[in-house]
Amino acid sequence: MASLLIHNAAQIATATGRYARGTDMHHVRLYARTSIYIQDGIIRAIGSPLELEQSFPPASQVIDATDCAVIPGLIDSHTHLVFAGSREKEFALRLSGATYQEIASQGGGILSTVSATRKASKDELKSIAARYLSLALAHGTTTMEVKTGYGLNEETELKLLDVIEELNAEQPITLVPTFLGAHAFPPDCTKSEYLDLLHRLLPRVATKAKFIDAFVEENYFNLEQTEVLCRKAKQFGLLPRLHVNQFSSSGGVALGLRLGAVSLDHLEKLSNEEIHLLAQSETVATLLPCVSLFLGYGYPPARTLIDSGAIVAIASNFNPGSAMNLNMQLVMFVACAQMSLSPNEALTAATLNAAYSLGLSDTLGSIEIGKHADLVILDTPTFEQAIYFFGINHSKTVIKNGVVVWTC
Ligand SMILES: [Zn+2]
(Lines give C-alpha, C1' and ligand atoms only; values in the text may rest on other atoms or scores of the structure.)
Protein backbone atom coordinates (compact mmCIF):
# COMPACT_ATOMS: atom_id res chain seq x y z
CA MET A 1 0.00 0.00 0.00
CA ALA A 2 1.47 3.35 -1.07
CA SER A 3 1.68 5.88 1.72
CA LEU A 4 2.81 9.48 1.79
CA LEU A 5 3.57 11.64 4.80
CA ILE A 6 3.54 15.40 4.46
CA HIS A 7 5.65 16.25 7.45
CA ASN A 8 5.36 19.30 9.68
CA ALA A 9 3.61 21.81 7.40
CA ALA A 10 3.93 25.37 8.67
CA GLN A 11 0.25 25.84 7.86
CA ILE A 12 -2.57 23.72 6.50
CA ALA A 13 -5.49 25.81 5.28
CA THR A 14 -8.78 24.34 4.16
CA ALA A 15 -12.51 24.90 3.99
CA THR A 16 -14.53 21.98 5.33
CA GLY A 17 -17.70 20.09 4.51
CA ARG A 18 -19.62 19.94 1.24
CA TYR A 19 -19.80 23.68 0.54
CA ALA A 20 -19.70 26.98 2.37
CA ARG A 21 -22.39 29.60 1.96
CA GLY A 22 -22.16 33.36 2.49
CA THR A 23 -20.07 34.50 5.41
CA ASP A 24 -19.30 30.84 6.29
CA MET A 25 -16.91 31.00 3.31
CA HIS A 26 -14.56 32.91 5.61
CA HIS A 27 -14.37 30.02 8.08
CA VAL A 28 -11.23 28.29 6.87
CA ARG A 29 -9.69 25.73 9.18
CA LEU A 30 -6.04 26.46 9.93
CA TYR A 31 -3.51 24.04 11.43
CA ALA A 32 0.04 24.99 12.45
CA ARG A 33 3.04 22.61 12.41
CA THR A 34 0.88 19.69 11.35
CA SER A 35 1.41 16.55 9.28
CA ILE A 36 -0.89 14.72 6.85
CA TYR A 37 -0.81 10.94 6.45
CA ILE A 38 -2.05 9.62 3.10
CA GLN A 39 -2.65 6.01 2.17
CA ASP A 40 -3.72 4.77 -1.27
CA GLY A 41 -4.55 8.30 -2.33
CA ILE A 42 -6.85 9.04 0.59
CA ILE A 43 -6.19 11.38 3.53
CA ARG A 44 -6.09 9.09 6.60
CA ALA A 45 -4.96 11.47 9.32
CA ILE A 46 -4.16 15.11 10.06
CA GLY A 47 -2.28 15.72 13.28
CA SER A 48 0.88 16.72 15.07
CA PRO A 49 4.10 15.26 13.60
CA LEU A 50 4.71 13.27 16.79
CA GLU A 51 1.17 11.90 16.97
CA LEU A 52 1.25 10.64 13.36
CA GLU A 53 4.71 9.14 13.81
CA GLN A 54 3.41 7.15 16.78
CA SER A 55 0.12 6.07 15.21
CA PHE A 56 1.15 4.99 11.69
CA PRO A 57 3.86 2.83 10.15
CA PRO A 58 6.66 4.74 8.39
CA ALA A 59 5.36 6.14 5.09
CA SER A 60 6.85 4.96 1.82
CA GLN A 61 7.45 8.61 0.89
CA VAL A 62 7.98 11.62 3.15
CA ILE A 63 7.84 15.25 2.07
CA ASP A 64 9.19 17.79 4.49
CA ALA A 65 6.81 20.78 4.49
CA THR A 66 8.55 22.83 7.18
CA ASP A 67 8.12 26.52 6.18
CA CYS A 68 5.42 25.60 3.66
CA ALA A 69 1.67 26.07 3.63
CA VAL A 70 -0.52 23.27 2.25
CA ILE A 71 -3.86 23.90 0.56
CA PRO A 72 -6.33 21.66 -1.28
CA GLY A 73 -5.65 21.15 -5.00
CA LEU A 74 -7.19 24.11 -6.83
CA ILE A 75 -10.40 23.45 -8.75
CA ASP A 76 -10.97 25.46 -11.89
CA SER A 77 -14.69 25.02 -12.47
CA HIS A 78 -15.09 27.04 -15.68
CA THR A 79 -12.70 26.69 -18.64
CA HIS A 80 -12.79 26.52 -22.43
CA LEU A 81 -9.55 24.52 -22.52
CA VAL A 82 -9.70 22.89 -25.95
CA PHE A 83 -9.22 25.20 -28.92
CA ALA A 84 -6.70 25.99 -31.65
CA GLY A 85 -5.16 29.33 -32.54
CA SER A 86 -4.48 32.46 -30.55
CA ARG A 87 -6.01 35.92 -30.56
CA GLU A 88 -3.29 38.30 -29.39
CA LYS A 89 -3.77 40.42 -32.54
CA GLU A 90 -7.36 40.99 -31.51
CA PHE A 91 -6.17 41.92 -28.01
CA ALA A 92 -3.89 44.58 -29.50
CA LEU A 93 -6.69 45.86 -31.77
CA ARG A 94 -9.01 46.22 -28.81
CA LEU A 95 -6.36 48.12 -26.85
CA SER A 96 -6.02 50.52 -29.77
CA GLY A 97 -9.74 51.23 -29.56
CA ALA A 98 -11.34 48.84 -32.07
CA THR A 99 -14.89 47.80 -31.22
CA TYR A 100 -16.07 44.22 -30.99
CA GLN A 101 -17.90 44.64 -34.31
CA GLU A 102 -14.79 46.01 -36.04
CA ILE A 103 -12.73 43.11 -34.71
CA ALA A 104 -15.34 40.61 -35.91
CA SER A 105 -15.40 42.26 -39.37
CA GLN A 106 -11.62 41.74 -39.57
CA GLY A 107 -12.09 38.01 -38.95
CA GLY A 108 -11.65 38.10 -35.14
CA GLY A 109 -13.92 37.01 -32.32
CA ILE A 110 -15.19 33.62 -31.32
CA LEU A 111 -15.77 32.48 -34.91
CA SER A 112 -12.05 32.86 -35.68
CA THR A 113 -11.33 30.32 -32.93
CA VAL A 114 -14.11 28.09 -34.29
CA SER A 115 -12.53 28.15 -37.73
CA ALA A 116 -9.03 27.32 -36.36
CA THR A 117 -10.45 24.57 -34.13
CA ARG A 118 -12.41 22.96 -36.97
CA LYS A 119 -9.24 22.82 -39.07
CA ALA A 120 -7.14 21.21 -36.34
CA SER A 121 -6.90 17.42 -36.07
CA LYS A 122 -7.78 15.63 -32.86
CA ASP A 123 -4.09 15.03 -32.18
CA GLU A 124 -3.25 18.69 -32.73
CA LEU A 125 -6.00 19.78 -30.35
CA LYS A 126 -4.82 17.25 -27.80
CA SER A 127 -1.24 18.40 -27.87
CA ILE A 128 -2.22 22.09 -27.58
CA ALA A 129 -4.56 21.34 -24.65
CA ALA A 130 -1.99 19.03 -23.00
CA ARG A 131 0.47 21.94 -22.86
CA TYR A 132 -2.14 24.17 -21.23
CA LEU A 133 -2.94 21.40 -18.74
CA SER A 134 0.69 21.04 -17.75
CA LEU A 135 0.83 24.79 -17.09
CA ALA A 136 -2.36 24.64 -15.01
CA LEU A 137 -1.00 21.67 -13.03
CA ALA A 138 2.23 23.55 -12.30
CA HIS A 139 0.10 26.34 -10.81
CA GLY A 140 -1.75 23.91 -8.55
CA THR A 141 -4.91 23.03 -10.48
CA THR A 142 -5.83 19.38 -9.88
CA THR A 143 -9.43 19.37 -11.19
CA MET A 144 -10.79 21.29 -14.16
CA GLU A 145 -14.16 21.66 -15.84
CA VAL A 146 -13.72 21.80 -19.62
CA LYS A 147 -16.34 23.05 -22.06
CA THR A 148 -16.72 22.30 -25.75
CA GLY A 149 -18.06 25.15 -27.86
CA TYR A 150 -15.40 25.96 -30.45
CA GLY A 151 -16.68 23.33 -32.87
CA LEU A 152 -20.29 24.41 -33.44
CA ASN A 153 -20.85 21.49 -35.77
CA GLU A 154 -21.45 17.81 -35.16
CA GLU A 155 -18.01 16.56 -36.13
CA THR A 156 -15.97 19.07 -34.16
CA GLU A 157 -18.13 19.22 -31.03
CA LEU A 158 -17.89 15.42 -30.73
CA LYS A 159 -14.16 15.61 -31.47
CA LEU A 160 -13.72 18.07 -28.59
CA LEU A 161 -15.51 15.67 -26.23
CA ASP A 162 -13.17 12.88 -27.38
CA VAL A 163 -10.15 15.11 -26.75
CA ILE A 164 -11.35 15.82 -23.21
CA GLU A 165 -12.02 12.13 -22.55
CA GLU A 166 -8.60 11.03 -23.81
CA LEU A 167 -6.73 13.77 -21.95
CA ASN A 168 -8.59 12.88 -18.78
CA ALA A 169 -7.14 9.40 -19.03
CA GLU A 170 -3.63 10.50 -19.98
CA GLN A 171 -2.66 13.26 -17.54
CA PRO A 172 -3.16 13.89 -13.81
CA ILE A 173 -5.77 16.70 -13.72
CA THR A 174 -9.34 15.37 -13.33
CA LEU A 175 -11.29 16.79 -16.27
CA VAL A 176 -15.05 17.30 -16.05
CA PRO A 177 -16.65 17.71 -19.50
CA THR A 178 -19.43 20.19 -20.28
CA PHE A 179 -21.24 20.36 -23.62
CA LEU A 180 -21.36 23.99 -24.75
CA GLY A 181 -22.65 23.51 -28.28
CA ALA A 182 -24.85 26.51 -27.46
CA HIS A 183 -21.83 28.84 -27.31
CA ALA A 184 -22.78 30.81 -30.46
CA PHE A 185 -24.67 30.24 -33.68
CA PRO A 186 -22.34 29.07 -36.46
CA PRO A 187 -22.28 31.04 -39.73
CA ASP A 188 -22.87 28.04 -42.00
CA CYS A 189 -26.44 27.07 -41.09
CA THR A 190 -29.65 28.73 -39.93
CA LYS A 191 -30.45 29.16 -36.26
CA SER A 192 -33.24 26.62 -36.40
CA GLU A 193 -31.02 24.09 -38.19
CA TYR A 194 -28.39 24.55 -35.50
CA LEU A 195 -30.89 24.20 -32.65
CA ASP A 196 -32.17 20.99 -34.27
CA LEU A 197 -28.60 19.69 -34.42
CA LEU A 198 -27.99 20.45 -30.73
CA HIS A 199 -31.14 18.54 -29.79
CA ARG A 200 -30.17 15.60 -32.00
CA LEU A 201 -26.69 15.44 -30.48
CA LEU A 202 -27.89 15.20 -26.87
CA PRO A 203 -28.14 11.39 -26.57
CA ARG A 204 -24.57 10.94 -27.85
CA VAL A 205 -23.22 13.91 -25.92
CA ALA A 206 -24.73 12.54 -22.72
CA THR A 207 -22.42 9.51 -22.90
CA LYS A 208 -19.37 11.82 -22.77
CA ALA A 209 -20.37 15.00 -20.91
CA LYS A 210 -21.65 15.61 -17.38
CA PHE A 211 -23.11 19.10 -17.86
CA ILE A 212 -24.86 21.22 -20.48
CA ASP A 213 -24.05 24.91 -20.86
CA ALA A 214 -25.41 27.77 -22.98
CA PHE A 215 -24.33 31.35 -23.54
CA VAL A 216 -27.52 33.15 -22.56
CA GLU A 217 -27.21 36.67 -23.94
CA GLU A 218 -28.68 38.93 -26.59
CA ASN A 219 -27.55 37.79 -30.07
CA TYR A 220 -26.58 34.39 -28.64
CA PHE A 221 -29.11 32.03 -27.00
CA ASN A 222 -32.37 33.46 -25.75
CA LEU A 223 -34.28 32.29 -22.69
CA GLU A 224 -36.70 30.10 -24.60
CA GLN A 225 -34.04 28.36 -26.73
CA THR A 226 -31.98 27.72 -23.59
CA GLU A 227 -34.92 26.40 -21.59
CA VAL A 228 -36.07 23.97 -24.28
CA LEU A 229 -32.51 22.68 -24.82
CA CYS A 230 -31.74 22.29 -21.11
CA ARG A 231 -35.03 20.54 -20.32
CA LYS A 232 -34.31 18.01 -23.06
CA ALA A 233 -30.67 17.67 -21.91
CA LYS A 234 -31.82 16.93 -18.36
CA GLN A 235 -33.81 13.97 -19.67
CA PHE A 236 -30.44 12.52 -20.73
CA GLY A 237 -28.87 13.29 -17.36
CA LEU A 238 -27.00 16.44 -18.38
CA LEU A 239 -27.22 19.06 -15.60
CA PRO A 240 -27.27 22.73 -16.57
CA ARG A 241 -24.49 25.19 -15.69
CA LEU A 242 -24.99 28.37 -17.68
CA HIS A 243 -23.26 31.56 -18.85
CA VAL A 244 -25.68 34.29 -17.72
CA ASN A 245 -25.76 38.04 -16.98
CA GLN A 246 -22.36 38.86 -18.49
CA PHE A 247 -23.54 41.92 -20.43
CA SER A 248 -27.14 42.30 -19.30
CA SER A 249 -29.64 41.26 -16.68
CA SER A 250 -32.37 39.76 -18.82
CA GLY A 251 -33.81 36.79 -17.00
CA GLY A 252 -30.91 34.34 -17.16
CA VAL A 253 -30.69 33.92 -13.39
CA ALA A 254 -34.39 33.22 -12.90
CA LEU A 255 -34.32 30.75 -15.80
CA GLY A 256 -31.22 29.01 -14.44
CA LEU A 257 -32.78 28.63 -11.01
CA ARG A 258 -36.00 27.33 -12.55
CA LEU A 259 -33.97 24.75 -14.44
CA GLY A 260 -32.15 23.70 -11.26
CA ALA A 261 -28.76 24.77 -12.65
CA VAL A 262 -25.86 23.56 -10.54
CA SER A 263 -24.00 26.77 -11.30
CA LEU A 264 -24.68 30.16 -12.89
CA ASP A 265 -21.52 31.74 -14.21
CA HIS A 266 -20.31 35.30 -15.00
CA LEU A 267 -22.99 37.42 -13.21
CA GLU A 268 -21.28 40.75 -13.91
CA LYS A 269 -24.71 42.39 -14.30
CA LEU A 270 -27.03 41.43 -11.46
CA SER A 271 -30.13 43.14 -10.11
CA ASN A 272 -30.80 43.18 -6.36
CA GLU A 273 -33.66 40.76 -6.94
CA GLU A 274 -31.33 38.33 -8.73
CA ILE A 275 -28.76 38.56 -5.93
CA HIS A 276 -31.54 37.71 -3.48
CA LEU A 277 -32.69 34.73 -5.58
CA LEU A 278 -29.15 33.36 -5.87
CA ALA A 279 -28.52 33.83 -2.15
CA GLN A 280 -31.62 31.76 -1.31
CA SER A 281 -30.68 28.94 -3.71
CA GLU A 282 -28.42 25.88 -3.75
CA THR A 283 -27.02 27.03 -7.11
CA VAL A 284 -23.39 28.12 -7.07
CA ALA A 285 -22.60 31.65 -8.28
CA THR A 286 -19.38 31.14 -10.24
CA LEU A 287 -17.50 34.40 -10.74
CA LEU A 288 -14.70 34.94 -13.24
CA PRO A 289 -12.45 37.75 -11.94
CA CYS A 290 -9.84 37.57 -14.71
CA VAL A 291 -12.46 38.29 -17.40
CA SER A 292 -13.16 41.70 -15.85
CA LEU A 293 -9.42 42.23 -15.49
CA PHE A 294 -8.71 41.26 -19.11
CA LEU A 295 -11.61 43.12 -20.72
CA GLY A 296 -11.41 46.12 -18.40
CA TYR A 297 -15.09 46.15 -17.47
CA GLY A 298 -16.95 46.00 -14.16
CA TYR A 299 -16.50 43.15 -11.71
CA PRO A 300 -19.46 41.08 -10.49
CA PRO A 301 -20.92 42.11 -7.11
CA ALA A 302 -19.06 39.41 -5.19
CA ARG A 303 -19.19 41.12 -1.81
CA THR A 304 -22.95 41.58 -1.94
CA LEU A 305 -23.46 37.99 -3.09
CA ILE A 306 -21.41 36.63 -0.20
CA ASP A 307 -22.87 38.98 2.39
CA SER A 308 -26.36 37.97 1.20
CA GLY A 309 -25.60 34.28 1.68
CA ALA A 310 -24.79 32.93 -1.81
CA ILE A 311 -22.51 29.95 -2.46
CA VAL A 312 -19.72 31.61 -4.46
CA ALA A 313 -17.01 29.90 -6.52
CA ILE A 314 -14.28 31.52 -8.62
CA ALA A 315 -12.78 30.16 -11.83
CA SER A 316 -10.41 31.19 -14.62
CA ASN A 317 -12.77 31.04 -17.64
CA PHE A 318 -9.58 30.17 -19.56
CA ASN A 319 -10.36 31.03 -23.22
CA PRO A 320 -8.63 32.84 -26.08
CA GLY A 321 -11.00 35.81 -26.28
CA SER A 322 -11.58 37.11 -22.77
CA ALA A 323 -9.27 35.38 -20.27
CA MET A 324 -6.06 33.82 -21.56
CA ASN A 325 -5.05 32.73 -18.08
CA LEU A 326 -5.17 29.41 -16.27
CA ASN A 327 -3.32 30.39 -13.12
CA MET A 328 -5.83 29.95 -10.28
CA GLN A 329 -3.44 31.64 -7.84
CA LEU A 330 -3.86 34.82 -9.90
CA VAL A 331 -7.64 34.30 -9.98
CA MET A 332 -7.63 34.22 -6.16
CA PHE A 333 -5.51 37.38 -6.02
CA VAL A 334 -7.81 39.31 -8.38
CA ALA A 335 -10.85 38.10 -6.42
CA CYS A 336 -9.28 39.58 -3.28
CA ALA A 337 -7.75 42.76 -4.69
CA GLN A 338 -10.59 43.75 -7.03
CA MET A 339 -13.69 42.03 -5.64
CA SER A 340 -12.93 42.36 -1.91
CA LEU A 341 -13.00 38.69 -1.04
CA SER A 342 -10.93 37.82 2.01
CA PRO A 343 -8.08 35.38 1.29
CA ASN A 344 -10.11 32.78 3.23
CA GLU A 345 -13.16 33.34 1.03
CA ALA A 346 -11.03 33.18 -2.13
CA LEU A 347 -9.55 29.84 -1.02
CA THR A 348 -13.01 28.42 -0.29
CA ALA A 349 -14.29 29.70 -3.65
CA ALA A 350 -11.39 28.15 -5.58
CA THR A 351 -11.58 24.77 -3.86
CA LEU A 352 -14.59 23.52 -1.92
CA ASN A 353 -17.34 25.56 -3.58
CA ALA A 354 -15.89 24.91 -7.02
CA ALA A 355 -15.89 21.17 -6.23
CA TYR A 356 -19.51 21.43 -5.07
CA SER A 357 -20.53 23.05 -8.35
CA LEU A 358 -19.04 20.04 -10.17
CA GLY A 359 -20.80 17.55 -7.89
CA LEU A 360 -17.44 16.43 -6.50
CA SER A 361 -17.25 17.92 -3.03
CA ASP A 362 -17.88 14.59 -1.28
CA THR A 363 -14.39 13.53 -2.33
CA LEU A 364 -12.55 16.70 -3.41
CA GLY A 365 -12.10 20.35 -2.49
CA SER A 366 -10.85 20.19 1.10
CA ILE A 367 -8.21 18.60 3.29
CA GLU A 368 -10.27 16.27 5.46
CA ILE A 369 -9.97 12.66 6.54
CA GLY A 370 -11.50 10.36 3.91
CA LYS A 371 -11.17 12.81 1.03
CA HIS A 372 -8.81 12.33 -1.90
CA ALA A 373 -5.32 13.65 -1.29
CA ASP A 374 -5.23 16.40 -3.92
CA LEU A 375 -2.91 18.98 -2.40
CA VAL A 376 -0.65 21.89 -3.22
CA ILE A 377 2.43 22.51 -1.11
CA LEU A 378 3.27 26.21 -1.39
CA ASP A 379 6.68 27.87 -1.13
CA THR A 380 5.28 30.35 1.41
CA PRO A 381 4.65 29.69 5.13
CA THR A 382 1.05 30.90 4.89
CA PHE A 383 -1.43 30.60 2.02
CA GLU A 384 -2.31 34.28 2.49
CA GLN A 385 1.27 35.19 1.55
CA ALA A 386 0.97 33.18 -1.67
CA ILE A 387 -2.13 35.18 -2.67
CA TYR A 388 -0.70 38.55 -1.63
CA PHE A 389 2.68 37.96 -3.36
CA PHE A 390 0.92 37.90 -6.70
CA GLY A 391 1.99 37.11 -10.23
CA ILE A 392 4.42 34.43 -9.03
CA ASN A 393 3.84 30.69 -9.12
CA HIS A 394 4.01 29.64 -5.47
CA SER A 395 3.46 25.90 -6.07
CA LYS A 396 6.33 23.84 -4.79
CA THR A 397 4.80 20.38 -5.07
CA VAL A 398 1.44 19.30 -6.51
CA ILE A 399 -0.10 16.03 -5.31
CA LYS A 400 -2.96 14.21 -7.04
CA ASN A 401 -4.57 11.20 -5.33
CA GLY A 402 -1.59 10.92 -3.02
CA VAL A 403 0.99 10.94 -5.83
CA VAL A 404 3.46 13.76 -6.54
CA VAL A 405 2.56 14.87 -10.07
CA TRP A 406 4.52 18.12 -10.28
CA THR A 407 7.44 19.58 -8.43
CA CYS A 408 9.48 22.73 -9.07
ZN1 LIG B 1 -16.94 30.90 -20.26
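Conventions and cut-offs
- Residues numbered from 1 in each chain as written.
- Predicted model: local features only at pLDDT ≥ 70, side-chain atom pairs only at ≥ 80, totals over all residues.
- Pairing = 2+ DSSP bridges.
- Helix = DSSP H or I, 4+ residues; strand = E, 2+ residues; numbered from the N terminus.
- Axes fitted to C-alpha atoms, helices over the stretch in contact; angles between N-to-C directions.
- Contact = placed C-beta atoms within 7 Å.
- Domains from an automatic or database assignment.
- Core = buried A, V, L, I, M, F, W, Y, C linked by C-beta atoms within 7 Å.
- Buried ≥ 20, exposed ≤ 12 C-beta atoms within 10 Å, placed from the backbone.

Draft legend 1. Spotlight on the sheet that holds strand β11 (residues 263-266). Across the sheet, which stays open at both edges, the eight strands sit in the order β6-β7-β8-β9-β10-β11-β12-β13 with parallel pairing between neighbours. In this open sheet, the two strands that pair with only one neighbour each are β6 (74-76) and β13 (311-314). Strand-to-strand twist of the sheet, defined as the mean angle between neighbouring strand axes without regard to direction, takes the value 25°. When strand β7 (residues 141-147) meets strand β8 (residues 174-182), the two strands line up parallel, connected through five bridges. Residue pairing across strands places Val-146 opposite Pro-177, the latter belonging to β8. Together, β7 and β8 form the strand contacts of helix α6 (residues 154-170), whose direction differs from that of β8 by roughly 175°.

Draft legend 2. Quick look at the domain arrangement of the protein chain. Domain boundaries assigned for the protein chain yield domain 1 (3-73 + 364-407) and domain 2 (75-357). For domain 1 versus domain 2, the separation of C-alpha centres amounts to 29 Å. With 32 residues of domain 1 at the interface, the matching set in domain 2 holds 34 residues. Every element with two or more residues in the side of domain 1 that touches domain 2 is listed here: β5 (69-72), α16 (383-388), β15 (395-400) and β16 (403-407).

Draft legend 3. The environment of Leu-52, seen in detail. Looking at where Leu-52 falls in the secondary structure, it is placed in helix α1 (residues 49-55). C-alpha of Leu-52 to C-alpha of Asp-188: the two residues are 136 residues apart in sequence and 63 Å apart in space. Setting aside residues up to four positions removed in sequence, Leu-52 forms contacts with Leu-5, Ser-35, Tyr-37, Ala-45 and Gly-47.

Draft legend 4. Spatial organisation of the nonpolar core. With 127 residues, the main nonpolar core has Val-70, Val-312, Met-332, Ala-335 and Ala-350 as its most contacted residues. Two domains each provide a minimum of three residues to this core, namely domain 1 (3-73 + 364-407) and domain 2 (75-357). Dropping the residues within four chain positions of it, Val-70 is found in contact with Ile-6, Ala-9, Ile-12, Ile-36, Ala-65, Leu-375 and Ile-377.

Draft legend 5. Examining the environment of Leu-257 more closely. Position of Leu-257 among the secondary structure elements: in helix α9 (residues 252-258). Residues Leu-257 and Leu-278, spaced 21 residues apart in sequence, show a C-alpha to C-alpha distance of 7.9 Å. With near-sequence residues (within four places) excluded, Leu-257 lies in contact with Leu-277, Ser-281 and Thr-283.

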